[in-house]
Amino acid sequence: MAVTIKTDEQIRILREAGRIHARILDELEVMVVPGASAKDLDQAAEAKVRAAGAEPSFLGYRPDRHTPAYPATLCVSVNEVIVHGIPTDDMVFKDGDIVSIDLGLNYQGLFTDSARTVLVGKVSKEKAQLIYDTREALARGIAVARAGNTVGDIGHAIESFNNKRYGNVRELAGHGVGLAVHEDPYVPNYGKPGKGIELKPGMVLAIEPMFNLGTSDVVFHDDGYTVTTADNQASAHVEHTILITDGEPEILTEF
Ligand code: MG
Ligand code: MG
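1. Quick notes on the pattern of salt bridges
Counted by the stated rule, this structure contains 14 salt bridges. Across the pair Asp-97 and Lys-94 runs a salt bridge whose closest N-O atoms are separated by 3.2 Å. Exposure remark for Asp-97: the relative accessible area of 3% places this residue in the buried category. Because the salt bridges share partners, they merge into one network encompassing Glu-9, Arg-12 and Glu-16.

2. Comments concerning the packing of helix 3 (residues 125-143) against helix 4 (residues 151-162)
Following both chains from N to C, one finds helix 3 and helix 4 inclined at 150°, their axes separated by 8 Å at the closest point. Judged on the interaxial angle alone, helix 4 and helix 3 are roughly antiparallel. The element helix 3 and its partner helix 4 pack so that their crossing is right-handed. Residues Asp-133, Glu-136, Ala-137, Arg-140 and Gly-141 of helix 3 pack against Ile-154, Ala-157, Ile-158 and Phe-161 of helix 4. Considered class by class, the residues forming the contact of helix 3 with helix 4 number five nonpolar, one polar and three charged.

3. Remarks on the packing of aromatic side chains
For any two aromatic rings, the description comes down to two numbers: the centre-to-centre distance and the angle of the planes. For the coordinates displayed, the defined rule picks out two aromatic pairs. With a centroid separation of 4.9 Å and 75° between ring planes, the pair formed by Tyr-70 and Tyr-225 is classed as edge-to-face. In this pair, Tyr-70 is assigned in the loop between strand 1 (55-56) and strand 2 (74-78) and Tyr-225 in the loop between strand 11 (218-220) and strand 12 (227-229), connecting sequence segments 155 residues apart. Each member of the pair, Tyr-70 as well as Tyr-225, carries the same accessibility label: buried. Aromatic side chains Tyr-166 and Phe-211 sit 5.9 Å apart centroid to centroid with 20° between the ring planes, which places their arrangement in the stacked category. With Tyr-166 in the loop between helix 4 and strand 6 (167-168) and Phe-211 in strand 10 (residues 210-212), this residue pair connects regions lying 45 residues apart in the sequence. A cation over a ring is seen here: Arg-165 above Phe-161, with NZ or CZ 4.7 Å from the ring centre. In this structure, Arg-170 packs its charged tip against the face of Tyr-190, placed 3.7 Å from the ring centre.

Rules used throughout
Residues numbered from 1 in each chain as written. Chains lettered and ligands numbered in written order. Predicted model: local features only at pLDDT ≥ 70, side-chain atom pairs only at ≥ 80, totals over all residues. Heavy atoms only, no water. Salt bridge = Lys/Arg side-chain N within 4 Å of Asp/Glu carboxyl O. Buried < 20%, exposed > 50% of the residue type's maximum accessible area, 1.4 Å probe, protein only. Axes fitted to C-alpha atoms, helices over the stretch in contact; angles between N-to-C directions. Helix = DSSP H or I, 4+ residues; strand = E, 2+ residues; numbered from the N terminus. Parallel < 35°, antiparallel > 145°, perpendicular 65-115°, else oblique. Left-handed = near helix turned anticlockwise from the far one by under 90°. Contact = heavy atoms within 4.5 Å. Nonpolar A, V, L, I, M, F, W, Y, C, P; charged D, E, K, R; others polar. Phe/Tyr/Trp six-rings, centres within 6.5 Å; stacked < 30°, edge-to-face > 60°. Lys NZ or Arg CZ within 6 Å of the ring centre and 35° of its normal.

Written out as structure tokens, the structure reads:
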């Protein structure tokens, strides 16, 4: 789907969707505790989304016709799982895990996408630092997401903050969002300043760095969704849906 410029009315709805989205992630975050299962979390997520008058946008989503429909509301990605972990009953959180929870919302026909990586109990210093740095990389990417800059500026900000300290996943990327789960442009977490599509007011982007403690190499699994690090070291993933404006970028998926 082409790059779209959202209307004022669509932006109004997306702001509302983003606030609901942030609130639900806040409520889910505190449920990520030792002994809880990813399936429990997913069921809670679906109930909260529907109670808010929205629909889970990942549930039933098919990225292409060769892939089965996604079976859950959340992607729950534990430790070496980078993204798109399918929540199951036997996926039980334990002390020391880091867990990415990724939620897609369809609210009044408009789509937001946001993820957080949560620490379970007492997490190693290096995993905690990985999460803080991935969050900071997202903030750096958002800071340059301004009209007149380009998609390459976003990727460059993320990649240069990483500065080869972590594996920086290249096979997966951020994307346009708002009128669909995934829209153009493709927003990689690396790039060259000034290169790629120019950002314009009214564009809505999901920016989502994924940093790994070890290699940047990834493995795509047979279920069609799960992506893990090739060396099974931990990975962190954070994501916001943002609006490009005339001035400062507006983070839609936070209060
Ligand atoms: Mg997402
Ligand atoms: Mg996304």
